Amino acid sequence: MQSFEFSRSIHAFWNNVAQGEARGWHPRWLHNEQSVWTPFGTSSGVHCALMNEDGMVEVDQGSFSIEPMIWTPGRLFTWTDLASRQELLAEWMPVPSVVWETADWRLRMQAESTLSGSSRVHYRFENLTDREFSARLFVLLRPFQVTPPWQSFRNLGGVSRIHDLAWRDGAVLVNESHLIVPSIAAGAAAPKGFGALRFDEGFMTAHLASGVLPANADTHDSFGFATGRSVLSCRPELMGWRKSFLSCQPAAAASSIAEPAFEWSTSSMGPMDRQWLDDGRRTRGAHGDGAHSGDPRGPALQPGPRRYTRSWIRDGAMMSAALLRMGHAQEVREFHPLVCAASARRRLRALLRRH
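Residues numbered from 1 in each chain as written. Predicted model: local features only at pLDDT ≥ 70, side-chain atom pairs only at ≥ 80, totals over all residues. Heavy atoms only, no water.

Once that is clear, we can look at unusual backbone geometry. Unlike most non-glycine residues, aspartate 169 shows phi in positive territory, near 55°. Looking at where aspartate 169 falls in the secondary structure, it is placed in the loop between β11 (164-168) and β12 (171-174). Positive phi, normally seen in glycine, also occurs at asparagine 175, with a value near 55°. Its place among the elements puts asparagine 175 in the loop between β12 and β13 (178-182). Take asparagine 175: its relative accessible area is 25%, and that puts it in the partly exposed class. (Helix = DSSP H or I, 4+ residues; strand = E, 2+ residues; numbered from the N terminus. Buried < 20%, exposed > 50% of the residue type's maximum accessible area, 1.4 Å probe, protein only.)

Okay, here's the thing in structure tokens:
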């Protein structure tokens, strides 16, 4: 029996639970550690997902997350067992990757958004040895967001409940609202099944160490702490690689899952990645940090994907300066009439005259 302090809040409860389990079985913030994260989305859309330095992805605003783990015979690898590195596509595009690497294998996780507003995560597992190598990639669906509770705002940050998980025709239905579709691209590794657990059935990570799935593919958890995992094949040829990917979109938009997948090179990009490339060619070597967000309510420049969903004069002026240096004068012209402060208007007029 635990004291009141053990569960004085939902976040205190999960923090205390994590302290009693092996490090790496839960996200970093449950060990009171801040992780670095980045948004990924489209330059003219409102959908924006998050990816953190450990490869954990929050697929939609304030949603559940998906998190990778690698099983090799006799060992389970989590974010705490290796040093990861982070990269951007072509070293500058806002298409982030997290790379896990050991002496025997490398796992690259790359996140992108599609024009229809779905999130997609690509997994490429490479055998770095000259011998046969067997492994399994577990992708966990977890009731946690990427951002921690100390970055909370309204329903953002910390725990995000999962009440229902259901395996339907090769896809996972989450809370009857989001659909996770694994590996539909030609040549991608097919999923090896799905398992789900209620909170009172134990922790998913304890099952992972044995390399086997829970018996149930569907579950309902009245507490909202259900977890699930999909198994993706990782048996590449000698010194070779296997790829898999997961696509996530609102269940109502399930028809959009047939969009072409990104194929790991700038010569075969998806539509969104080509747009970033075209935008970059307009910069003539000068890169800024601004991003244009096309909200149905009108042009907006938003300084952040979660808490800063308003269009601020100060931040809009700074982002406008960055966009102008990147050659995006039209977006600034669209935003300019919305700016109310006289000093900001004067600064924008001066910048526009020079462009």
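What follows is about the pairing of strand β4 (residues 65-72). With 8 of its 8 residues buried, β4 lies for the most part within the structure. Taking every second residue as pointing to the same face, both faces of β4 are buried, with Ser65, Glu67, Met69 and Trp71 on one and Ile66, Pro68, Ile70 and Thr72 on the other. In terms of strand pairing, strand β3 (residues 57-58) meets β4 through 2 bridges, oriented antiparallel. Paired with glutamate 58 across the bridge in β4 is serine 65. (Pairing = 2+ DSSP bridges.)

Relative to the elements of secondary structure, aspartate 221 occurs in the loop between β15 (219-220) and β16 (227-234). Within the buried set, aspartate 221 has no salt-bridge partner at all; the shortest N-O distance to an opposite charge, 5.9 Å, is to arginine 198. Of note is the side chain of aspartate 221, whose polar atom sits 2.7 Å from the backbone nitrogen of phenylalanine 199. Apart from residues lying up to four places away in sequence, aspartate 221 is in contact with Ile162, His163, Arg198, Phe199 and Ala226. (Lys, Arg positive; Asp, Glu negative; His and termini not counted. Salt bridge = Lys/Arg side-chain N within 4 Å of Asp/Glu carboxyl O. Polar contact = N/O pair within 3.5 Å; in protein donor to acceptor, adjacent residues only side chain to side chain. Contact = heavy atoms within 4.5 Å.)

Quick look at the pairing of β11 now. Sheet topology places β11 next to β15; 2 bridges connect them, and they run antiparallel. Bridging from a neighbouring strand, leucine 165 pairs with threonine 219 of β15. In this sheet, β12 lies alongside β11 in antiparallel orientation, the contact comprising 4 bridges. Within β12, the residue paired with tryptophan 167 across the bridge is valine 172. Count of turn residues in the β11/β12 antiparallel hairpin: 2 residues, of which aspartate 169 carries a positive phi of about 55°.

This part is about helix α4 (residues 313-325). Under the 1.5 Å per step criterion, the end-to-end length of α4 is 18 Å for 13 residues, consistent within 8% with the ideal 18 Å. Taken together, the buried positions of α4 are Asp315, Gly316, Ala317, Met319, Ser320, Ala321, Ala322, Leu323 and Leu324. Just past α4, the residue glycine 327 takes up positive phi, approximately 90°. (Expected span 1.5 Å × (residues − 1).)

Within this structure, the stated rule accounts for 17 salt bridges. Between aspartate 104 and arginine 131 there is a salt bridge whose closest N-O contact spans 3.4 Å. Here aspartate 104, found in the loop between β7 (96-101) and β8 (105-113), pairs with arginine 131, found in the loop between β9 (119-127) and β10 (135-142); they are 27 residues apart in sequence, far enough to count as distant. Owing to a relative accessible area of 42%, arginine 131 belongs among the partly exposed residues under this scheme. Here the salt bridges do not stand alone but share partners, grouping Arg85, Glu87, Glu101, Arg106, Arg108, Arg124 and Glu126 into one network.

What follows covers the sheet that holds β8. Read across the sheet, 9 strands follow the order β6-β7-β8-β9-β17-β13-β12-β11-β15 without closing on themselves; strand pairing throughout is antiparallel. Strand pairing shows two members of the sheet lacking a second neighbour, β6 (84-88) and β15, which therefore form its edges. Of the strand pairs in this sheet, β9 and strand β17 (residues 241-250) are connected by 8 bridges, and their pairing is antiparallel. Residue serine 119 lies in a different strand from β17, and its bridge partner there is cysteine 248.

Right, let's get into the environment of alanine 217. In this fold, alanine 217 is placed in the loop between α2 (204-208) and β15. The class of alanine 217 is partly exposed, set by a relative accessible area of 25%. Along the sequence, alanine 217 and serine 230 sit 13 residues apart, while their C-alpha atoms lie 9.9 Å from each other.

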